[in-house]
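# Structure assessment
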Amino acid sequence: MAFMCATGKHRKPGRVKRTTAQAAGVAALTTTGVVGTLAASPALAAENAAEQTGLTPVVTVSDDVAEQISAQADAQKQAAEQQAAEEAAAKAAAAKVKEEREARARAAREAERKRLNAFVAPIVHSYVSTAYKASSSLWSSGSHTGIDFHAASGTSVHAVGSGTVVSTGWGGAYGNQIVIRMADGMYTQYGHLSSIGVTVGQKVVPGQQIGLSGATGNVTGPHLHFEARTSPDYGSDVDPISYLRNHSVNV
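Residues numbered from 1 in each chain as written. Predicted model: local features only at pLDDT ≥ 70, side-chain atom pairs only at ≥ 80, totals over all residues. Heavy atoms only, no water.

Turning our attention to unusual backbone geometry. Peptide bonds are trans in most cases, and residues, glycine excluded, mostly fall at negative phi. Located in the positive-phi region is His-192, a residue other than glycine, with phi close to 65°. Mapped onto the secondary structure, His-192 falls in strand β8 (residues 187-196). (Helix = DSSP H or I, 4+ residues; strand = E, 2+ residues; numbered from the N terminus.)

Along the chain, the position of Ser-231 falls in the loop between β11 (223-229) and β12 (237-238). Of the polar contacts made by the side chain of Ser-231, one reaches the side chain of Ser-236; its length is 2.9 Å. In this view, Ser-231 contacts Tyr-187 and Ser-236; residues no more than four positions away in its chain are not counted. (Polar contact = N/O pair within 3.5 Å; in protein donor to acceptor, adjacent residues only side chain to side chain. Contact = heavy atoms within 4.5 Å.)

Now for the pairing of strand β4 (residues 147-150). If a strand is regular, its side chains alternate between the two faces of the sheet. Bridging between strand β3 (residues 128-130) and β4 involves two bridges; their strand directions are antiparallel. Within β4, the residue paired with Thr-130 across the bridge is Asp-148. Note that β4 and β11 share four bridges and pair antiparallel. Paired with His-150 across the bridge in β11 is His-223. (Pairing = 2+ DSSP bridges.)

Assignment of secondary structure puts Ser-153 in the loop between β4 and β5 (156-158). Each C-alpha atom of the pair Ser-153 and Leu-193 lies 8.3 Å from the other, and the pair is 40 residues apart in sequence. Sequence-distant contacts of Ser-153, defined by excluding residues within four places in its chain, comprise Ser-213, Gly-214, Ala-215 and Pro-222.

So, about the pattern of salt bridges. Under the definition given, this model contains four salt bridges. Where Glu-110 meets Arg-113, a salt bridge forms, and the shortest distance between an N and an O atom there is 2.5 Å. With Glu-110 and Arg-113 both in helix α4 (residues 63-117) and three residues apart, this pair spans about one turn of that helix. Residues Glu-112 and Arg-115 are paired through a salt bridge, measuring 2.8 Å at the closest nitrogen-oxygen approach. Of this pair, Glu-112 and Arg-115 both sit in helix α4, three residues apart, which is roughly one turn of the helix. Classification of Glu-112 as partly exposed rests on a relative accessible area of 34%. Residue Arg-115 is classed as partly exposed on the basis of its relative accessible area, which comes to 37%. (Salt bridge = Lys/Arg side-chain N within 4 Å of Asp/Glu carboxyl O. Buried < 20%, exposed > 50% of the residue type's maximum accessible area, 1.4 Å probe, protein only.)

In this section: the nonpolar core. Among the nonpolar cores identified, the biggest contains 26 residues, and Ile-178, Ile-180, Tyr-190 and Ile-210 are the most heavily contacted of them. Only β4, β7 (176-182), β8, β11 and α5 (240-246) provide two or more residues apiece to this core. Those residues within four positions of Ile-180 in sequence are excluded, and the remaining contacts are Ala-159, Gly-163, Thr-164, Val-165, Val-166, Met-186, Tyr-187, Thr-188, Tyr-190, Val-204 and Ile-210. (Core = buried A, V, L, I, M, F, W, Y, C linked by side-chain atoms within 4.5 Å.)

Okay, structure coming up:
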């Protein structure tokens, strides 16, 4: 008996194989949650009816449903990417705001540091009317221990820099006076005041009004007597013009 050979043509896969392959794709999608919303529809439920093959129950899915599942997966991916981009943008914006806030704080601290380290003249828009070490019988030492600034009575007198008030009150020939220990360790003295506006122990900053000029003590007229000293006591004076100029104050 003769046997017939195969024609060589590929036979169309059986229904069991097709549905098995489709079921594998659906199973993968199901694990991501994509099929969840579609499976609720009656049409999909009908198309997903289990088919008994004698081996393992499988699910058949039409091309339209597969396309819907793929579209939903793409939409979910795009939504996730958009959310990630928005979160990244929000973090970048917050970081920028924080950086700008910190930069402003640093600038403010630096400006305050410069302000506290700055020096000013004790009286604005004035000039030195009597020089340091000028000779005269008016002074017990025979020479001027400070400099005099021209000023009418009642003119504002300012601390030349940051410091702490160590003495106030009557100073004999100096009249009403204030002595301040400066932040650099030196001392400044302000004499012949008509009014004192600070107290011992008080902290002062550059340009702060500490009193008013006058003509108290041993004077021939109203003015401000200003001294720079190495100690709070009389006789420790140094050139006040050089002291101020070393701190960038031109007088």
